[in-house]
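Okay, here's what each chain looks like letter by letter:
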Amino acid sequence: MSQRQPAAAASDAPLFVDAPNGLLRFITCGSVDDGKSTLIGRLLYDSKLLLDDQVSALELASKRFGTTGEGNLDFALLVDGLQAEVEQGITIDVAYRFFATDKRKFIVADTPGHEQYTRNMVTGASTADLAVLLVDARQGVVTQTRRHAYIAALLGVRTVVMAVNKMDLVDYDEDVFRQIRADFAGLASLLNLAQTHAIPVSALKGDNISSQAPTMPWYTGPSLLEFLETAPQTQSDFTRQPFRFPVQWVNRPHLDFRGYSGCVASGQIAVGDAILALPSAKSSTVKRIVSFDGDMQRARAGQAVTLVLDDELDISRGDLLCAPKDRAEVSDQFMATLVWMDEKPLLPGRSYLMKLATKTLPTTVSSIKHAININSFEKTAAKTLTLNEIAEVNLSLETEIAFDAYEENHQTGGFILIDRMTNATVAAGMLSFALRRAQNLHRQALNISKPQRAEQKGQKPRVLWFTGLSGSGKSTVANLVEQKLFAEGHHCMILDGDNVRHGLNRDLGFTDADRVENIRRIAEVAKLMVEAGLIVLVSFISPFRSERRMARDLMEEGEFVEVFVDTPLEVCEQRDVKGLYAKARAGEIKNFTGIDSPYEAPQDAELHLKSAEASADALADKVLAYLAAQT
Amino acid sequence: MRNEADIHAVLADPIRRRVLEDLARNPGLTASDLGEPFEISKPALSRHLKILEESGLVEREIDRQFRRFRLSARAETLDWLADLRMQALAPLSHLDQLEAESIHTMREVVAEMSNPVMMYSIGKDSSVMLHLALKAFYPSKLPFPLLHIDTTWKFREMIAFRDQVAERYDLDLRIFTSPDGKAEGINPFDHGAHYTDVMKTAALKQALDHYGFDVAFGGARRDEEKSRAKERVLSFRSKGHVWNPKGQRPEIWNVFNTRVNKNETIRAFPLSNWTELDIWQYIVRENIPIVPLYFAARRPVVERDGALIMVDDERLPLEAGETPEQRWVRFRTLGCYPLTGAIESQADTLEGIVREMQVARTSERQGRLIDQDQSASMEKKKLEGYF
Ligand SMILES: Nc1nc2c(ncn2[C@@H]2O[C@H](COP(=O)(O)OP(=O)(O)OP(=O)(O)O)[C@@H](O)[C@H]2O)c(=O)[nH]1
Ligand SMILES: [Mg+2]
């Protein structure tokens, strides 16, 4: 039992070993099973940073789940931390690990090679300075290697170093390495990668990982770790760029203080500097740079601060403060590159949410210029984008935003797309440049107003949007409603799906992309008619919630009345007025709603008509009663 | 023109250095511009400007009625000014980077979510997280309450510290204890794993549901454990607070998608990329108060299954033949006292702790009996809604 305090353990290590080369964020990527996780595990193990209990846990796990044979450690098990990963022997999602040498600190993201999980690789790559691209020496460069190289280059990862792994399985043969290195050089020049280097390694045996391997005397370059310790880091470059500050949060503790909190995305700022707020283009000067530790004279890229300006401007979250002499661009039409990350395909014309820096707003992909073939990097025509596909697209926004090209500034040019119904992050995007169309296309000023037109007709203009399965009775009910409204002296117009397809939408088929466009046009036409003061009855299967939402969003509050004509599929199929169900069942019609294409029932329609429970006439009366109650 | 030695004397003065710095950045400032950062009289500033002019470092020009100053060609050659420019361009230290990243996450979540809360477990990570939050929203008060899930088995010193901190920063602290657990008298000795389920996991879920919080900040770090290393900064939990590790939302750059579906909530982890050593170095650098239990002292302990358990109050049932002995110990991690193992240590200063950290051969979770009851237990707990 110790009664007195024993002397503290002596150590002369300095308290803060500030690694001279700072912090490097990197990823491992490449095809499935090429040894990415093993490599990270090996680096952690060799850096002597693993703790005793972690090593004994690894020994235990290697015995139970190891893929490396009796008595060998399976280093991948250090990194593949999910139960499902251990069981399946693959990486599913990114693992973030931390290690340090006396030269540098590292944050490494081990990404999955499996194509299905490409979006998780994108997640890892988006914050990386450097990518270690692995190939299996026996396989060489394969499609997935190319895809990952492409994505890394696209996201602006500066340095890509190739690790030719499993050299132990090809007898450490120099020729094998040379051949793969040559393939990589070709790939690198196609992708315009600035820094490329190839290293022959064996992650399993530890050859050329943290020190030169005696097994490969013909290789005289640096080991992987030596390379990582000295590779250039990107963070300091942001300081040299023009000042950008996305306003994140308006800091208003009381009436006498109004500050704008955020991180300096690039450049520097000092008290007294002029700034410009975009997109409003109002200018002011920096009065104070406030921080918890006291006011600062200046701040630079990467720092989180709160700026107080000289003037009371109306600035809010999502605005971009920038240097007036070197300002960001402003536009509402863009060329951008998208990496699609959702199981549901991208549909041009559908409304998504875009989040760029701290700003979120609705956007549509107005057209897909071309997709990229991941094997040849050639441009190919595309009408939609499916999971893991990459394309250049035109984006269209409802309002102008400030931005920089992604190439110049990742933080003011990189965005995500969000599905408005599922809230999923469906794409990562990189802005390239503004399409000047926005400035040229001035909307014709309208002299007679919409309320005046409505007043002339003595009615409240609206859209009654009938949705439901084919044969559910939409048109029957809509026709009855029109007759009854007409009899009351209202001005109405019916837009029927079948009829519109014969004229305006003659060029469209039945793929998901065409269906979206079909509805977009009908919604726009309906909007013009509402503008003209009419009551518009649209009768249209419109199976997708998001398209109906898009139509709703086009109208003003209260103008859009969604009428769900709810008839069970069995009933519709039994009726089969047009004989379409029979054909669909026989496989003669593809993408038929209810059969091999989904119908997403409305969840909050203004009117829910159950056609099995009442006559068409009674249902029409219900619609009229609703309209009467609303005016 | 003065010689080198004189130049050093001229540069020795902080006010004159600052004037040069400002002129390097903004040539053509007036005397009143230059004087703004200082609380000195006009004549005093004039004297400094005169010295700078006489030394040949600064030149003046008359522009209508204003006297404007700029650096001379000679000043531009000074190494010191070149260094200054270099320094302004140097990358931030890694602690500064981590700090800014965490603050960014907190602000983003607060700006976009409607009812945030910060989990406050009183430990060192919570202390750092709270400190970062105070920085993130300064000079505003914390825009969210703190939530402590009190199992009633925390160390007494933790509770005292918690109440002190709440008072010092004028925090809105909510304390929640499982009503069922309290009623049934659930304790760590008789109920084992069930104790953790009821008093921690279920209590946390009940508290979040009770207040309707849509996002909870937690101090978890990715270096703590393998399944945490897999988790996003924003971790989405479906109904029942369940984590779905195979279907995590992509998290690109630092652009967070915080949109939640019905019944979905978020756990936000601003300390994701910090390591245990980073935490301690930051505590030292920022002088952040922590519970005294982290420092070594003589404390009454008993040894059980290789763990040193502190006899914090009379509720700890002593087994036959067990007598508490006084030993020099401290804690690397804090939880419920009967479940938290101490380590033998002499480190009674922050410096001592960091030094011990640098040579440590075991991970901090060693001391937590709760994580060791089965392999992959942390992932399982997360699946069930524990942090
Ligand atoms: N012989 C040999 N085997 C290796 C080497 N590196 C990895 N392996 C083995 O290759 C298999 C796959 O390794 P992982 O590290 O899981 O591969 P990965 O690239 O992380 O796979 P995913 O993440 O699922 O894409 C394991 O059985 C490893 O033991 C090596 O250098 N030599
Ligand atoms: Mg892997």
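All figures in this text were calculated on a predicted structure; none of them were measured in a lab. (Residues numbered from 1 in each chain as written. Chains lettered and ligands numbered in written order. Predicted model: local features only at pLDDT ≥ 70, side-chain atom pairs only at ≥ 80, totals over all residues. Heavy atoms only, no water.)

### Description of the overall build of chain A
At step 1: Along its length, chain A carries 18 helices and 27 strands.
At step 2: Taken along its principal axes, the extent of the C-alpha atoms in chain A is 95 × 70 × 65 Å.
At step 3: Taking all 631 residues of chain A together, the buried fraction comes to 56%.
At step 4: A total of about 26,900 Å² of accessible surface is found on chain A, and carbon and sulfur atoms cover 49% of it.
At step 5: Across chain A, 67 positive and 81 negative side-chain charges occur, with their mean positions spaced 4 Å apart. (Helix = DSSP H or I, 4+ residues; strand = E, 2+ residues; numbered from the N terminus. Buried < 20%, exposed > 50% of the residue type's maximum accessible area, 1.4 Å probe, protein only. Areas by Shrake-Rupley, 256 points an atom, 1.4 Å probe, with all protein chains shown as cover. Lys, Arg positive; Asp, Glu negative; His and termini not counted. Charge placed at Lys NZ, Arg CZ, Asp CG, Glu CD.)

### Here's the deal with the interface of chain B and chain A
At step 1: Across the contact, 83 residues belong to chain B and 105 residues belong to chain A.
At step 2: Approximately 7,800 Å² of surface area, both sides summed, lies buried where chain B meets chain A, with 52% of it carried by carbon and sulfur atoms.
At step 3: Residue assignment for the side of chain B that touches chain A shows that the elements contributing at least two residues are helix H2 (14-25), helix H6 (79-89), helix H7 (94-112), helix H8 (124-137), helix H12 (276-286), strand E13 (325-330) and helix H13 (350-359) of chain B.
At step 4: Counting residues per element, the side of chain B that touches chain A draws most heavily on H7 of chain B, which supplies eleven residues.
At step 5: Residue classes in the side of chain B that touches chain A are distributed as 30 nonpolar, 24 polar and 29 charged. (Contact = heavy atoms within 4.5 Å. Buried area = accessible area lost by both parts, 1.4 Å probe. Nonpolar A, V, L, I, M, F, W, Y, C, P; charged D, E, K, R; others polar.)

### Remarks on the coordination of the magnesium ion (ligand 2)
All names here are of chain A.
At step 1: Only Ser37 (OG) and Thr91 (OG1) from the protein coordinate the magnesium ion (ligand 2), and they sit 1.9 to 2.0 Å from it. Placement of the pair is Ser37 in helix H1 (residues 36-46) and Thr91 in the loop between helix H3 (83-88) and strand E2 (95-100), with a sequence separation of 54 residues. Exposure class is identical for Ser37 and Thr91. Each is buried. (Donors = N, O, S within 2.8 Å, 3.2 Å for Na, K, Ca; no water.)

### Things to note about unusual backbone geometry
At step 1: Residue Pro279 of chain A follows Leu278 of chain A across a cis peptide bond; omega there is 10°.
At step 2: For Pro279 of chain A, the position within the fold is in the loop between strand E11 (274-278) and strand E12 (282-290).
At step 3: Here the bond from Tyr138 of chain B into Pro139 of chain B is cis, since omega is 0°, no more than 30 degrees from zero.
At step 4: Among the structural elements, Pro139 of chain B can be located in the loop between H8 and strand E5 (146-149).
At step 5: One non-glycine residue, Asn388 of chain A, lies in the positive phi region at around 75°.
At step 6: When you line up the elements, Asn388 of chain A lands in the loop between strand E19 (379-380) and strand E20 (390-403).
At step 7: Positive phi outside glycine occurs at Ser542 of chain A, with the angle close to 30°.
At step 8: Tracing the backbone shows Ser542 of chain A in the loop between strand E25 (535-539) and helix H15 (545-554).
At step 9: Judged by relative accessible area, Ser542 of chain A falls into the buried class, the value being 0%.

### Digging into the domain arrangement of chain A
At step 1: By domain assignment, chain A separates into domain 1 (23-232), domain 2 (237-326), domain 3 (329-446) and domain 4 (450-630).
At step 2: A separation of 55 Å is found between the C-alpha centroids of domain 1 of chain A and domain 4 of chain A. (Domains from an automatic or database assignment.)

### Side note on the site of ligand 1
Residues and elements named next belong to chain A.
At step 1: Taken together, 21 residues are adjacent to ligand 1, and Lys36, Thr38, Thr67, Thr91 and Asp168 come closest.
At step 2: The contact in question runs from an oxygen atom of ligand 1 to an N or O atom on the backbone of Ser37, over 2.8 Å.
At step 3: Measuring from an oxygen atom of ligand 1, one finds a backbone N or O atom of Ala203 at 2.9 Å.
At step 4: Of all the elements, H1 adds the most residues to the shell around ligand 1, at three residues.
At step 5: Considering only residue class, the shell around ligand 1 consists of six nonpolar, ten polar and five charged. (Near = heavy atom within 4 Å. Polar contact = N/O pair within 3.5 Å; in protein donor to acceptor, adjacent residues only side chain to side chain.)

### What about the nonpolar core?
At step 1: Judged by nonpolar contacts, the single largest core of 75 residues is most densely connected at Met106, Val128, Leu142, Phe217, Trp274 and Trp280 of chain B.
At step 2: Take this core: its biggest share by element is eight residues, from H8 of chain B.
At step 3: Residues in contact with Phe217 of chain B, not counting those within four places in the same chain, are Met106, Val109, Val110, Pro116, Val117, Met118, Met119, Met129, Phe144, Ala268, Pro270 and Phe387 of chain B.
At step 4: Among the nonpolar cores identified, the runner-up in size contains 54 residues, and Cys29, Val122, Val170 and Ile180 of chain A belong to it. (Core = buried A, V, L, I, M, F, W, Y, C linked by side-chain atoms within 4.5 Å.)

### A short note on the domain arrangement of chain B
At step 1: Partitioning chain B into structural domains gives domain 1 (4-89), domain 2 (94-275) and domain 3 (289-370).
At step 2: On a C-alpha basis, the centroid separation for the pair domain 1 of chain B and domain 2 of chain B is 50 Å.

### Digging into helix H5 (residues 143-154) of chain A
Residue and element names in this part refer to chain A.
At step 1: Between its first and last C-alpha, H5 extends 16 Å over twelve residues, near the 16 Å set by a 1.5 Å rise per residue.
At step 2: Summarising burial for H5: ten of the twelve residues are buried, a large majority.
At step 3: Note on H5: the residue one or two positions beyond its end, Gly156, has a positive phi of about 85°. (Expected span 1.5 Å × (residues − 1).)

### What about the pattern of salt bridges?
At step 1: Taken as a whole and judged by the stated rule, the model has 60 salt bridges over all chains.
At step 2: Salt-bridge contacts for Glu517 of chain A lead to Arg521 of chain A; the nearest nitrogen and oxygen are separated by 2.8 Å. One end of the pair, Glu517 of chain A, and the other, Arg521 of chain A, are both in helix H14 (residues 512-531), four residues apart, so they sit about a helical turn from each other.
At step 3: Linking Glu53 of chain B and Arg60 of chain B is a salt bridge whose minimum nitrogen-to-oxygen distance equals 2.5 Å. (Salt bridge = Lys/Arg side-chain N within 4 Å of Asp/Glu carboxyl O.)

### Some points on the packing of H12 of chain B against H13 of chain B
All names here are of chain B.
At step 1: Relative to each other, H12 and H13 sit at 160°, their axes nearing to 10 Å. If you check the angle between H12 and H13, you find them roughly antiparallel. Here the hand of the crossing between H12 and H13 comes out left-handed. Residue-level inspection shows Glu276, Leu277, Trp280, Gln281, Ile283 and Val284 of H12 in contact with H13, the latter providing Leu350, Ile353, Val354, Met357 and Gln358.
At step 2: Looking at the contact of H12 with H13 residue by residue, the classes come out as eight nonpolar, two polar and one charged. (Axes fitted to C-alpha atoms, helices over the stretch in contact; angles between N-to-C directions. Parallel < 35°, antiparallel > 145°, perpendicular 65-115°, else oblique. Left-handed = near helix turned anticlockwise from the far one by under 90°.)

### Some words on the pairing of strand E2 (residues 58-63) of chain B
Regular strands have side chains that alternate between both faces of the sheet.
At step 1: Sheet topology places E2 of chain B next to strand E3 (residues 66-71) of chain B; six bridges connect them, and they run antiparallel. Bridged to Asp63 of chain B within E3 of chain B is Phe66 of chain B. (Pairing = 2+ DSSP bridges.)

### Side note on the packing of aromatic side chains
At step 1: One pass over the structure, following the stated rule, counts 25 aromatic pairs over all chains.
At step 2: Here Tyr45 of chain A and Phe75 of chain A contribute two aromatic rings whose centre-to-centre distance is 5.1 Å and whose plane-to-plane angle is 55°, an arrangement assigned as tilted. Within this pair, whereas Tyr45 of chain A is found in helix H1, its partner Phe75 of chain A is found in the loop between helix H2 (52-65) and H3, the two being separated by 30 residues in sequence.
At step 3: Here Tyr45 of chain A falls in the partly exposed class, since its relative accessible area comes to 31%.
At step 4: Taking 6.0 Å as the distance between ring centres and 55° as the angle between the ring planes, the aromatic pair formed by Phe155 of chain B and Tyr337 of chain B counts as tilted. Residue Phe155 of chain B is found in the loop between E5 and helix H9 (156-168), and its partner Tyr337 of chain B is found in the loop between E13 and strand E14 (341-344); the two are separated by 182 residues along the sequence. (Phe/Tyr/Trp six-rings, centres within 6.5 Å; stacked < 30°, edge-to-face > 60°.)

### What about the sheet that holds strand E1 (residues 29-30) of chain B?
Residue and element names in this part refer to chain B.
At step 1: A sheet is described by the order of its strands in space; here three strands give the open sequence E1-E3-E2, paired in antiparallel fashion. The sheet terminates laterally at E1 and E2, the two strands that pair on one side only.
At step 2: Strand direction decides the pairing type here: E1 and E3, joined by two bridges, are antiparallel. Among the inter-strand pairings, Leu29 is bridged to a residue of E3, identified as Phe69.

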